[in-house]
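# Structural characterization, general
Next come the chains, spelled out residue by residue.
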Amino acid sequence: MANEQMAEPGRPDRPLDSTDRAILRLLQEDGRASIRSVADRVHVSRANAYARINRLIDDGIIRGFTARVDHERAGQGASAYITLKIVQNSWRTVREQLLTLPGVAHIALVSGDFDVLLLVHTPDNRSLRELVLTRIQAVPEVLSSRTLLVFEETDLVVGE
C-alpha cells in the first residue's frame, strides 16, 4: 500500500507523450478517422494506435466522439451565450434543470460576475427569447440572466 500512488485529480494516470497528443489532434479534426489512417499519420503500427486510443478512452481523456455541426445549416440560426446569477449552493439543482432545456449545448459553473455560462442554439430569435424568458427565468434559483447574441462563430481544433 505504501508504494501505491494516487493520481492527481484531473490528471491522467500516465502522462501523454507527443504521439498521444498527435492522435488526439487527429481525432479532434476527424473523429471518424480509421485506426489505419491514424497509425499512418502518427507513424506507429495499427496495433499501437489501437492500444493508445483505447488507453485514452479508458483513462477518460477521450470522453466520446461527436460531430461538429454547422448550427445555422442544421436549422439552429440563433446562438447565444447566456450568463446566470444563481442562488448560492444551488448549482446542482440548477444544472439538472438546465440539462432538460432544448438547444443547450454547453453548461459551465464559472467564477466572476456571474455563476453559470450557457451556450444555446435555437431555430430563431423568437425561440431564443422564449427559452430565456419562459424557461430559464422560470427556474426559481436563477436570480438574473444576461443574453449575449452570437453573430459568428468558429470552432477550433486544439493544437491548430
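Residues numbered from 1 in each chain as written. Predicted model: local features only at pLDDT ≥ 70, side-chain atom pairs only at ≥ 80, totals over all residues. Heavy atoms only, no water.

### Concerning the side chain of aspartate 20
In this fold, aspartate 20 is placed in helix α1 (residues 18-29). Judged by its relative accessible area of 1%, aspartate 20 falls in the buried class. Discounting residues that sit within four places of it in the chain, aspartate 20 has contacts with Pro15, Arg52, Arg55 and Leu56. (Helix = DSSP H or I, 4+ residues; strand = E, 2+ residues; numbered from the N terminus. Buried < 20%, exposed > 50% of the residue type's maximum accessible area, 1.4 Å probe, protein only. Contact = heavy atoms within 4.5 Å.)

### Quick look at the layout of surface pockets
Here the second largest pocket defines a volume of roughly 340 Å³. For the second largest pocket, the full set of lining residues is Ala67, Arg68, Val69, His71, Tyr81, Ala105, His106, Leu119, His121, Glu153 and Asp155. At the level of elements, β2 (104-109) and β3 (116-122) are the ones that each hand at least two residues to the lining of the second largest pocket. Looking at side-chain class alone, the lining of the second largest pocket contains five nonpolar, three polar and three charged residues. (1 Å grid on protein atoms, 1.4 Å probe; cavity = no way out; pocket = protein on both sides within 12 Å on 5 of 7 lines; lining within 4 Å. Points joined across faces, edges and corners; volume = space filled by probe spheres on them. Nonpolar A, V, L, I, M, F, W, Y, C, P; charged D, E, K, R; others polar.)

### Considering the pattern of salt bridges
Oppositely charged side chains can form a pair if their charged atoms are brought close together. Evaluation of the coordinates by the stated rule reveals seven salt bridges. Aspartate 17 is the partner of arginine 52 in a salt bridge, and the nearest nitrogen-oxygen pair spans 3.0 Å. Of the two residues, arginine 52 sits in helix α3 (residues 46-58) while aspartate 17 sits in the segment before α1, which places them 35 residues apart along the sequence. Its relative accessible area of 15% is what places arginine 52 among the buried residues. For arginine 73, the salt bridge identified is with aspartate 70, shortest N-O distance 3.9 Å. Judged by its relative accessible area of 44%, aspartate 70 is partly exposed. Shared partners join several salt bridges into a network, and the residues in it are Asp17, Asp20, Arg52, Arg55 and Asp59. (Salt bridge = Lys/Arg side-chain N within 4 Å of Asp/Glu carboxyl O.)

### Comments concerning the sheet that holds strand β4 (residues 142-150)
What the four strands build is an open sheet, ordered β2-β3-β1-β4; its pairing is antiparallel. Either end of the sheet is taken by a strand with one partner, and the two such strands are β2 and β4. Averaged over all pairs of adjacent strands, the angle between strand axes in this sheet comes to 20 degrees, irrespective of strand direction. The pairing of β2 with β3 spans five bridges and is classified as antiparallel. Looking at β3, one finds that alanine 108 is bridged to leucine 117. On top of the sheet, helix α4 (residues 91-98) reaches β1 (78-86), β2 and β3; it is set at about 175 degrees to β2, its chief contact. (Pairing = 2+ DSSP bridges. Axes fitted to C-alpha atoms, helices over the stretch in contact; angles between N-to-C directions.)

### A short note on the packing of α1 against α3
For the pair α1 and α3, the least separation of the axes is 11 Å and the interaxial angle reads 80 degrees. By the criterion of interaxial angle, the relationship of α1 to α3 is roughly perpendicular. Contacts between α1 and α3 pair Thr19, Asp20, Ile23, Leu24 and Leu27 from the former with Arg52, Ile53, Arg55 and Leu56 from the latter. Along the lines of polarity and charge, the residues of the contact of α1 with α3 split into five nonpolar, one polar and three charged. (Parallel < 35°, antiparallel > 145°, perpendicular 65-115°, else oblique.)

### Here we look at the confidence of the model for the protein
Low-pLDDT stretches of the model should not have their predicted coordinates read in fine detail. When pLDDT is averaged along the protein, the result is 89, and 89% of the positions lie at 70 or above. Every residue in residues 1-7 scores below 50 in pLDDT, and together they form one contact with partners more than four places removed in sequence or on other chains. (pLDDT = per-residue confidence, 0-100.)

### Some remarks on the environment of arginine 135
Here arginine 135 shows up in helix α5 (residues 125-136). According to the relative accessible area criterion, arginine 135 is partly exposed, its value standing at 38%. Arginine 135 sits 38 residues away from glutamine 97 along the chain, and the two C-alpha atoms are 9.5 Å apart. Setting aside its immediate chain neighbours within four residues, arginine 135 contacts Thr100, Leu101, Pro102 and Glu130.

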